Amino acid sequence: MKNCEFRERTKEKLATALITAMEEKALDKITVKEIIEKAEVNRKTFYYYFPDIYGLLEWVISRECNKLVSEIQNNRDYENALNDVLNSIEKHRHLLNCIKDSVGRATLERVLYRELEQLVAWAMKIGILETNVVVSEKELQILTELFISDIWRLLVLYFQKEISYKREEFIQFILRYLKAGITAGLLEFGNKQDIVRYSL
């Protein structure tokens, strides 16, 4: 086995051990000793890869976000991309709740923000291609931030069951909002001088 494969496999074992432990108790109650016993690695190996349990958690989050980004970028359809985001959130609901309970809502928001950032950035690229406009980097960034913020609030309400939509209805609402909002925003702020062009 190559060194890089061995390293990834070891980190995966540690990640699985952490996720399993988080199903049993809060993050601040989990020890490195528990993780290395579950992963069947020694303490030195753990500290070779991660500074502490929070470093391991950050790696787990980053790994899952990277998988999602890859799935979104391979999509050319708003609905499938949004489904990927919702599937990822639902699949990791327990992990996300553990993050919220252990390290606070701000950390959870940062995690979900990264997932939404990829979805909205992708949707903006599609919008630019469909509307055939050019926008300044500054205005593109502001529009993207606005859409991320809006969708984040809607997702929180949906997962707290404060929105009575069924999943499919909720997806259709977000899609209509994104499509209409992005198109209108790009047409309103398009054709500026600082040109940014995208290709998928």
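For the structure itself, consult the block above.
Just so we're clear, the structure is a prediction, and the values are computed from it rather than from any experiment.

Conventions and cut-offs
- Residues numbered from 1 in each chain as written.
- Predicted model: local features only at pLDDT ≥ 70, side-chain atom pairs only at ≥ 80, totals over all residues.
- Heavy atoms only, no water.
- Helix = DSSP H or I, 4+ residues; strand = E, 2+ residues; numbered from the N terminus.
- Buried < 20%, exposed > 50% of the residue type's maximum accessible area, 1.4 Å probe, protein only.
- Contact = heavy atoms within 4.5 Å.
- Salt bridge = Lys/Arg side-chain N within 4 Å of Asp/Glu carboxyl O.
- Phe/Tyr/Trp six-rings, centres within 6.5 Å; stacked < 30°, edge-to-face > 60°.
- Axes fitted to C-alpha atoms, helices over the stretch in contact; angles between N-to-C directions.
- Parallel < 35°, antiparallel > 145°, perpendicular 65-115°, else oblique.
- Left-handed = near helix turned anticlockwise from the far one by under 90°.
- Nonpolar A, V, L, I, M, F, W, Y, C, P; charged D, E, K, R; others polar.
- Polar contact = N/O pair within 3.5 Å; in protein donor to acceptor, adjacent residues only side chain to side chain.

S.K.: Quick question: what am I supposed to make of the overall build of the chain here?
M.R.: Secondary structure summary: the chain contains nine helices and zero strands in total. For the chain, the residues scored as buried account for 46% of the 200 residues in total. Summarising the internal contacts of the chain: among those between residues at least 6 apart in sequence, 72% fall at separations of at least 24.

S.K.: For this particular structure, what's the right way to read the pattern of salt bridges?
M.R.: Any two side chains of opposite charge can pair, given that their charged atoms come close. Using the criterion set out here, one finds six salt bridges in the structure. Ionic pairing is found between Lys33 and Glu37, a salt bridge with its closest N-O pair at 3.9 Å. In this pair, Lys33 and Glu37 both sit in helix H2 (residues 32-39), four residues apart, roughly one turn of the helix. The exposure class assigned to Glu37 is exposed, which follows from its relative accessible area of 52%. Glu130 is the partner of Lys179 in a salt bridge, and the nearest nitrogen-oxygen pair spans 3.5 Å. Of this pair, Lys179 sits in helix H9 (residues 167-189) while Glu130 sits in helix H7 (residues 105-131), and the two are 49 residues apart along the sequence. Judged by its relative accessible area of 38%, Lys179 falls in the partly exposed class.

S.K.: Just to check I follow, could you spell out the packing of aromatic side chains for this structure?
M.R.: What the rule picks out here adds up to seven aromatic pairs. Their ring planes at 70° and their centres at 5.9 Å tell us that Phe147 and Tyr177 sit as a pair that is edge-to-face. One end of the pair, Phe147, is in helix H8 (residues 137-159); the other, Tyr177, is in helix H9, and 30 residues separate them in sequence.

S.K.: It is not clear to me how the packing of H8 against H9 should be interpreted in this structure. Could you clarify?
M.R.: For the pair H8 and H9, interaxial distance at closest approach is 11 Å and the crossing angle is 165°. Relative to H9, H8 is oriented roughly antiparallel. Crossing geometry of H8 relative to H9 is assigned as right-handed. Residues Glu139, Leu143, Phe147, Asp150, Ile151, Leu154, Leu155 and Tyr158 of H8 touch H9, and the partners they reach there are Arg167, Phe170, Phe173, Ile174, Tyr177, Leu178, Gly181, Ile182, Gly185, Leu186 and Phe189. By residue class, the composition of the contact of H8 with H9 is 14 nonpolar, two polar and three charged.

S.K.: Can you help me understand the side chain of Thr144 in this one?
M.R.: Its place among the elements puts Thr144 in helix H8. For Thr144, a relative accessible area of 13% corresponds to the buried category. Those residues in contact with Thr144 that sit more than four places away from it in its chain are Val120, Ala121 and Met124.

S.K.: Help me understand the side chain of Thr131 in this model?
M.R.: On the secondary structure map, Thr131 appears in helix H7. Within polar-contact distance, the side chain of Thr131 engages the backbone oxygen of Gly127 at 2.7 Å. Thr131 has contacts with Thr183, Leu186 and Leu187, leaving out every residue within four places of it along the chain.

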